[in-house]
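Here's the letter readout for the chains.
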Amino acid sequence: MSLLVFMLASFPVMAQASALRPFDANYHLSVDGWPDATIHHSLKREGDHWRSRMESSLAIAKGQESARFSDNSNQLRALGYRSDYRFLRMGKDYSLSRSQLTERPDRQTALVELSRLVLEDDCQSGCELNYVDHKGRNEDGIWRRVADVSIQVDGKPVQAPTVELRDKDKDDRYMRISFHPQIPGLLLRLDFFKDGDRVSRLQLTRLSQ
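**Remarks on the sheet that holds strand β4 (residues 61-72)**
So, step 1. Overall, antiparallel pairing links the 12 strands, which are arranged β6-β5-β4-β3-β2-β1-β12-β11-β10-β9-β8-β7 in an open sheet. One side of each edge strand has no neighbouring strand; the edge strands of this open sheet are β6 (90-96) and β7 (127-132). Geometrically, the sheet is characterised by an average inter-axis angle of 20° between neighbouring strands, direction not taken into account.
So, step 2. Sheet analysis places strand β5 (residues 75-87) next to β6, joined by 7 bridges and oriented antiparallel. Paired with Tyr81 across the strands is Leu96, a residue of β6.

What follows is the structure, encoded as structure tokens:
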């Protein structure tokens with residue numbers, strides 16, 4: 001099972017959506033039953049579109065995924081997605097074209113959009129986040145805003161907007177995700193819970209802009 005598999009078109013957003021800005025970040029990932037790993041996440045502008053990319057590598061497993069999307073008039077539109085997962089040198093590549101992402105975005109694009117929605121919509125009772133996974137299968141999530149979390153970034157405390165994201169079909173698990181309040185798409189911490197216990201944590205360790 002890939003270390004990135006649980007991490008994760010067009011989304012209408014409010015007129016004052018936070019402007020995208022490039023970043024390059026490293027994370028420490030701890031998962032029950034696995035060796036600790038380093039995750040690399042970057043958001044870069046490439047001409048008239050943006051690219052979000054995540055990757056990790058261990059002795060027995062590695063994974064990477066990237067997505068291209070445009071940001072026109074404060075609206076994200078998914079343009080393409082690619083992923084590559086390997087376990088003991090066995091695995092498969094996946095790709096999603098623009099035509100496959102017209103109804104729902106890929107999960108990388110959805111993650112960036114969620115980070116902006118958190119700042120614009122104080123959703124307390126549950127809001128939908130619909131996207132497709134790396135194989136193009138529909139995923140239906142419900143997110144809600146929870147209390148902000150204070151997280152150290154470059155030695156300074158940051159009040160991170162935080163949400164809980166649940167799968168409609170899997171009540172026994174959820175993610176608690178903390179974003180940077182001024183850098184859309186930048187995760188500061190991601191905790192994954194199953195049966196009430198935290199089974200993994202992704203924590204920011206380095207950031208450059």
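Once the structure has been displayed, the description carries forward.
**Description of the pattern of salt bridges**
So, step 1. In total, this model carries 15 salt bridges according to the counting rule given.
So, step 2. Between Arg107 and Glu65 there is a salt bridge, and its shortest N-O distance comes to 2.7 Å. Taken together, the residues span a long stretch of sequence, with Arg107 in helix α1 (residues 107-120) and Glu65 in strand β4 at a distance of 42 residues.
So, step 3. With a relative accessible area of 4%, Arg107 lands in the buried category.
So, step 4. A salt bridge links Glu164 to Arg166; the shortest N-O distance between them is 3.8 Å.
So, step 5. The exposure class assigned to Glu164 is buried, which follows from its relative accessible area of 6%.
So, step 6. Exposure remark for Arg166: the relative accessible area of 33% places this residue in the partly exposed category.
So, step 7. Connected through shared salt-bridge partners, Arg144, Glu164, Arg166 and Arg176 make up one network.

**Some thoughts on a nonpolar patch on the surface**
So, step 1. Together, Ile60, Phe87 and Leu88 make up a nonpolar patch on the protein surface, roughly 260 Å² of accessible area in all.
So, step 2. With respect to the secondary-structure elements, Leu88 resides in the loop between β5 and β6.
So, step 3. Residue class for Leu88 comes out exposed when judged on its relative accessible area of 53%.

**Re the nonpolar core**
So, step 1. Grouped together as the largest cluster of nonpolar side chains are 40 residues, with contacts concentrated most on Trp143, Ile177 and Leu187.
So, step 2. Of all the elements, α1 adds the most residues to this core, at 6 residues.
So, step 3. Beyond its immediate stretch of four places on either side in the chain, Trp143 contacts Leu114, Leu117, Val118, Asp121, Cys123, Gly126, Cys127, Glu128, Leu129, Val163, Glu164 and Leu165.
So, step 4. Residues Ala67, Leu96, Leu101 and Val132 belong to the second largest nonpolar core, which totals 7 residues.

**Notes on unusual backbone geometry**
So, step 1. The backbone of Asp154 sits at a positive phi, close to 55°, despite the residue not being glycine.
So, step 2. Residue position: Asp154 is located in the loop between β8 (138-153) and β9 (156-167).
So, step 3. The exposure class assigned to Asp154 is exposed, which follows from its relative accessible area of 61%.
So, step 4. The phi dihedral of Asp195 falls on the positive side, at around 55°, and the residue is not glycine.
So, step 5. On the secondary structure map, Asp195 appears in the loop between β11 (187-194) and β12 (197-208).

**A word on the packing of aromatic side chains**
So, step 1. Within the structure shown, the criterion is met by 1 aromatic pair.
So, step 2. Between Tyr174 and Phe193 the ring centres are 4.8 Å apart and the planes differ by 10°, which places this aromatic pair in the stacked class. With Tyr174 in strand β10 (residues 170-179) and Phe193 in strand β11, this pair connects stretches of sequence that are 19 residues apart. An identical accessibility class is assigned to Tyr174 and Phe193; each is buried.
So, step 3. The residue whose ring lies beneath Arg166 is Tyr174, and the NZ or CZ to ring-centre distance is 4.1 Å.

**A word on the state of the cysteines**
So, step 1. A full pass over the atoms with the stated rule returns 1 disulfide.
So, step 2. The side chain of Cys123 participates in a disulfide bridge whose partner is Cys127; the two sulfur atoms lie 2.1 Å from each other. Linking Cys123 and Cys127, the disulfide has an S-S dihedral of approximately 110° and is accordingly described as right-handed.
So, step 3. According to the relative accessible area criterion, Cys123 is buried, its value standing at 4%.

**Brief notes about the pairing of β11**
So, step 1. A large share of β11 lies buried, amounting to 7 of its 8 residues.
So, step 2. The sheet contact formed by β10 and β11 spans 7 bridges and is antiparallel. Residue Arg173 lies in a different strand from β11, and its bridge partner there is Lys194.
So, step 3. By the bridge criterion, 6 bridges tie β11 to β12 in an arrangement that is antiparallel. Looking at the pairing, Leu190 lines up with Leu202 of β12.
So, step 4. Counted between consecutive antiparallel strands, the loop separating β11 from β12 contains 2 residues, among which Asp195 sits at a positive phi close to 55°.

Conventions we followed
Residues numbered from 1 in each chain as written. Predicted model: local features only at pLDDT ≥ 70, side-chain atom pairs only at ≥ 80, totals over all residues. Heavy atoms only, no water. Pairing = 2+ DSSP bridges. Helix = DSSP H or I, 4+ residues; strand = E, 2+ residues; numbered from the N terminus. Axes fitted to C-alpha atoms, helices over the stretch in contact; angles between N-to-C directions. Salt bridge = Lys/Arg side-chain N within 4 Å of Asp/Glu carboxyl O. Buried < 20%, exposed > 50% of the residue type's maximum accessible area, 1.4 Å probe, protein only. Patch = residues over 30% accessible without salt bridge, like charges linked within 9 Å, V, L, I, M, F, W, Y side chains within 5 Å. Areas by Shrake-Rupley, 256 points an atom, 1.4 Å probe, with all protein chains shown as cover. Core = buried A, V, L, I, M, F, W, Y, C linked by side-chain atoms within 4.5 Å. Contact = heavy atoms within 4.5 Å. Phe/Tyr/Trp six-rings, centres within 6.5 Å; stacked < 30°, edge-to-face > 60°. Lys NZ or Arg CZ within 6 Å of the ring centre and 35° of its normal. Disulfide = S-S within 2.5 Å.

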